[in-house]
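Topology and contacts: notes
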Amino acid sequence: MPSLDVNDTTLYYEDEGAGPALLFLHGWGTSGRTWGAQLPDFTRDHRVVTVDWRGCGRSARPARGNTTAGVVSDLVALIGALRLDRPVVVGSSIGGSFATELAVRRPELTGGVVPVGAPGYWPSAETQAAPQAELVAALRRDRAGTVADWVPGWYASGTAPALIDWTIRQILDSGVYIDEHQATADGYDPRPALPGLQVPIHYLHGELDTAIPVEVPRTCAALTPGAEVSVIAGAGHMPHQERPERFNAALRAVLGRMAPAGWLNGSG
């Protein structure tokens, strides 16, 4: 099992293919397995790394370091240890926040950022199903019931129940210490840093995402030179799982636009 010891924890990762590097980051409580519909396509002509970030999937479940800064530090160590050459970092949901923060803090390590259904900033309590503090309290009272009630809303109507159930099982298998990400989510807001972002960023977002409305990436993109938003029709919060063919085509188009010459010429 490929693993890497970094920052007093152990991360599970997979590293396949050859070519320009892609680093895929999953969302809260799931794992690198959520990118299964992307791997056969992109490993044909890219070096693709997936990682289970701390507390999730097949990685260790430490009590400490479960913060954005902690995960970003892990990613910096992972990129260095695997000698990844300025990967484009594709992050789902909170994984998109980690990708954005990596680009803000260490732009020299990052070839581009593709947040997928990512918060950018968290919507106000009025637009959430429940404020984050209430969510954390509910997780502590009844973790299984809370996750089972919450996760179906991530997906568009008509999503296969088996996919939803699989997501629930992954989250319940992850460690409880990752709840710290939810406890601090209300305070996360990268908007002040976005005008100075030094690497290309392109948001991919599900048309029907109710967890993070599409107005969020559009607001972030409007603040960032050269940034754009592509909307995946018929998808909710997890477009790479719900509409993988549409998502893969959109990601390929984004990667083409992120080629260094295209970005420097101002084509986005």
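This section reports on the structure supplied with the text. Note that the coordinates shown come from a computational prediction; the quantities given were computed from them, not determined experimentally.

1. Looking at the packing of helix 2 (residues 68-81) against helix 3 (residues 94-105)
It is the contact of helix 2 with helix 3, at a shortest axis distance of 9 Å, that shows an interaxial angle of 70°. Taken together, the axes of helix 2 and helix 3 are roughly perpendicular relative to one another. Considering only the axes of helix 2 and helix 3, their crossing is right-handed. Here Thr-68, Ala-69, Val-71, Val-72, Leu-75, Val-76 and Ile-79 of helix 2 come into contact with helix 3, specifically with Phe-98, Glu-101, Leu-102 and Arg-105. Of the residues assigned to the contact of helix 2 with helix 3, the class counts are 8 nonpolar, 1 polar and 2 charged.

2. With respect to the nonpolar core
Within the largest apolar cluster, 52 residues are counted, with the highest numbers of intra-cluster contacts made by Leu-23, Leu-25, Val-51, Trp-53, Leu-78 and Val-151. If sequence neighbours within four positions are ignored, Leu-23 has contacts with Val-49, Val-51, Leu-75, Leu-78, Ile-79, Pro-87, Val-88, Val-89 and Val-90. Within the second largest apolar cluster, 18 residues are counted, among which are Val-88, Ala-235, Leu-255 and Met-258.

3. Side note on helix 6 (residues 161-173)
Compared with the 18 Å implied by 1.5 Å per residue over 13 residues, the 18 Å span of helix 6 between its first and last C-alpha is a close match. For helix 6, the full list of buried residues reads Leu-163, Ile-164, Thr-167, Ile-168, Gln-170 and Ile-171. Seen end-on, helix 6 carries its buried residues on one side only, within an arc spanning 160°. Exposed and facing more than 90 degrees away from the buried side of helix 6 are Pro-161, Ala-162 and Arg-169.

Cut-offs and rules
- Residue positions within a chain follow its written sequence, with the count starting from 1.
- Confidence filtering applies because this is a predicted model: local features only for residues at pLDDT of at least 70, side-chain atom pairs given and counted only at 80 or more, and all residues used for totals across whole chains, interfaces and linings.
- Water and hydrogen atoms play no part in the side-chain values, which are based on all heavy atoms of the structure.
- The axes are straight lines fitted to the C-alpha atoms, using for helices just the contacting stretch, and the angles between their N-to-C directions are given from 0 to 180°.
- We count a stretch as a helix when DSSP gives it H or I for four or more residues in a row; a strand needs E for two or more, and each element gets its number in order from the N terminus.
- Convention used here: angles under 35 degrees read as roughly parallel, angles over 145 as roughly antiparallel, angles from 65 to 115 as roughly perpendicular, and any remaining angle as oblique.
- A crossing counts as left-handed when the near helix is turned anticlockwise from the far one by less than a right angle, and as right-handed when that turn is clockwise.
- Whether two residues touch is decided by their heavy atoms; if any such pair falls within 4.5 Å, the residues are in contact.
- In this count, Pro and Cys sit with the nonpolar residues alongside Ala, Val, Leu, Ile, Met, Phe, Trp and Tyr, while Asp, Glu, Lys and Arg are called charged and the others, Gly among them, polar.
- Remark: nonpolar core denotes a set of buried residues (Ala, Val, Leu, Ile, Met, Phe, Trp, Tyr, Cys) joined through side-chain atoms within 4.5 Å.
- Whether a residue is buried, partly exposed or exposed follows from its accessible area with a 1.4 Å probe, protein chains only, as a fraction of its type maximum: under 20%, in between, or over 50%, in that order.
- A helix is expected to span 1.5 Å for every residue after the first.
- Each direction from the helix axis to a C-beta atom contributes to the arc, which is the arc of those directions.

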